[in-house]
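If you want the building blocks of each chain, they are given just below.
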Amino acid sequence: MIAGSMVALVTPMDAQGQLDWASLTKLVDFHLQEGTNAIVAVGTTGESATLDVNEHIEVIRRVVDQVNGRIPVIAGTGGNSTRESVDLTAAAKNVGADACLLVTPYYNKPTQEGLYQHFRHIAESVAIPQILYNVPGRTVCDMLPETVERLAKISNIIGIKEATGDLKRGQEVLDRVSKDFLVYSGDDATAVELMLMGGKGNISVTANVAPREMADLCAAAMRGDAETARAINDKLMPLHKALFIESNPIPVKWALHEMGLMPDGIRLPLTWLSPRCHEPLRQALRQSGVLA
């Protein structure tokens, strides 16, 4: 079972927006050393929308090769084109990913039936475990719990990253699916509560900069130790909030640069963190114990 703290890994770039492979290696080592339970390569936080296909597959391949089976690697392979999603999912399987994360199609606004047919087609086309990803704040597309319930009956659709931050929604999804279907949080601020309700982990932005703390938080929540989990979460809450002071992954890439883990690179149309945001984010890093 893929569970626990799953980092939504950034894709390091230099100041010209070119991929920085040495920093990618450094980041993967950082997570292996700090107890991260799984790595999501080229999800939203990994700038999947701005990498070309060859870059996308190469990032996944390098992460898979470096991890070498020590923890699961989940490849972000979703998109708003069903055919392209099938191709990326097949490519991720070919380079050895353990599972794929498939975001709801953005921009074209499919119906619930369209979402069902989209994900069913990908699942039937590529024999790899697949995780649905619902994040309507980014996609303007909300996959409703009844659609998740239908999709959960497909054998290689194994779970969902529910990133609405709505705990009532999370509970409804949990109530509708079997206990074998993995419900993950995709919202750091509310992840503890979803795990205490029965969720199996958190696909996390905060884990990029505080991997040990997020791994401890998830372990505590999943064993039902609410007191410990909430105490860690309270310490990290300034970071959960500040990492969204501008659009993700702008703040988290700045934070990793501030920590000395990668250069100051991001790709248009995203821009580097605005100067007015530097001190609030730096203060959150200090409050959470990430920076001295």
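This structure is a prediction, so every number in the text was calculated from the model and none was measured. Each residue is numbered by its place in its chain's sequence as written, counting from 1. Two thresholds apply to this predicted model, a pLDDT of at least 70 for residue-level local features and 80 or more for giving and counting side-chain atom pairs, whereas whole-chain, interface and lining totals are computed over all residues. Based on all heavy atoms of the structure, the side-chain values leave hydrogens and waters out of the count.

Strands here are runs of E lasting at least two residues and helices are runs of H or I lasting at least four, both read from the DSSP assignment and numbered beginning at the N terminus. The residue Glu55 is located in helix H2 (residues 53–67) in this model. Residues contacting Glu55, with those up to four places away along its chain left out, are Leu19, Thr50 and Arg267. The contact criterion used throughout is that any non-hydrogen atoms of two residues lie within 4.5 Å.

This paragraph deals with the UniProt feature "binding site: pyruvate" (unreviewed entry) in the chain. The UniProt feature table records "binding site: pyruvate" (unreviewed entry) at Thr45 and Ile203. Despite a sequence span of 159 residues, these residues sit close together in the fold, their greatest C-alpha distance being 10.4 Å. In this fold, Thr45 is placed in the loop between strand E2 (38–41) and H2. Note on classification: 1.4 Å probe, protein chains only; a residue is buried when its accessible area is under 20% of the maximum for its type, exposed when over 50%, partly exposed between these limits. Classification of Thr45 by relative accessible area gives buried; the value is 4%. The topology assignment puts Ile203 in strand E8 (residues 201–204). Assessed through its relative accessible area of 2%, Ile203 is described here as buried. If near-sequence neighbours (up to four positions away) are discounted, Ile203 is found in contact with Met6, Ala8, Val40, Leu101, Lys161, Tyr184, Ser185 and Gly186. UniProt positions are given in the numbering used here, feature names are shortened, and annotations may be inferred rather than shown by experiment.

The pairing test for Phe, Tyr and Trp rings, Trp by its six-membered ring, is centres within 6.5 Å, and the orientation test on the planes gives stacked under 30 degrees, edge-to-face over 60, and tilted for anything in between. Under the definition given, this model contains 0 aromatic pairs. A ring has a charge above it when a Lys NZ or an Arg CZ is no more than 6 Å from the ring centre and no more than 35 degrees off the ring normal. Against the face of Tyr116 rests Arg150, its NZ or CZ located 3.7 Å from the ring centre.

For the rest of this paragraph, the subject is the pattern of salt bridges. Salt bridges are identified by distance alone: a Lys or Arg side-chain nitrogen within 4 Å of an Asp or Glu carboxyl oxygen. Applying the stated rule across the entire model yields 17 salt bridges. Taking the shortest distance from any N to any O, the salt bridge between Lys253 and Glu47 comes out at 2.5 Å. With Lys253 in helix H11 (residues 250–258) and Glu47 in the loop between E2 and H2, the pair connects residues that are 206 residues apart, well separated along the chain. Residue classification places Lys253 among the buried residues on the basis of a relative accessible area of 0%. Judged by its relative accessible area of 3%, Glu47 falls in the buried class. Linking Arg282 and Glu258 is a salt bridge whose minimum nitrogen-to-oxygen distance equals 2.6 Å. In this pair, Arg282 is assigned in helix H12 (residues 275–287) and Glu258 in helix H11, connecting sequence segments 24 residues apart. The class of Arg282 is buried, set by a relative accessible area of 17%. Where salt bridges share partners, they join Glu58, Arg61, Arg62 and Asp65 into one cluster.

In this section: the packing of H2 against helix H3 (residues 82–94). Every angle, taken between N-to-C directions, lies between 0 and 180 degrees, and every axis is a line fitted to C-alpha atoms, over only the stretch in contact when it is a helix. Running from N to C, H2 and H3 cross one another at 30 degrees; their axes reach a closest spacing of 9 Å. Viewed along their axes, H2 and H3 adopt a mutual orientation that is roughly parallel. H2 and H3 meet at a crossing whose hand is right-handed. Counting all contacts with H2, which are made through Val53, His56, Ile57 and Ile60, the residues of H3 involved are Leu88, Ala91 and Ala92. Note on residue classes: Ala, Val, Leu, Ile, Met, Phe, Trp, Tyr, Cys and Pro are nonpolar, Asp, Glu, Lys and Arg are charged, and everything else, Gly too, is polar. Partitioning the contact of H2 with H3 into residue classes produces 6 nonpolar, 1 polar and no charged. Orientation categories follow fixed angle ranges, with anything under 35 degrees roughly parallel, anything over 145 roughly antiparallel, 65 to 115 roughly perpendicular, and all other angles oblique. Crossing handedness is defined as follows: a turn of the near helix away from the far one that is anticlockwise and smaller than a right angle gives a left-handed crossing, while the clockwise case is right-handed.

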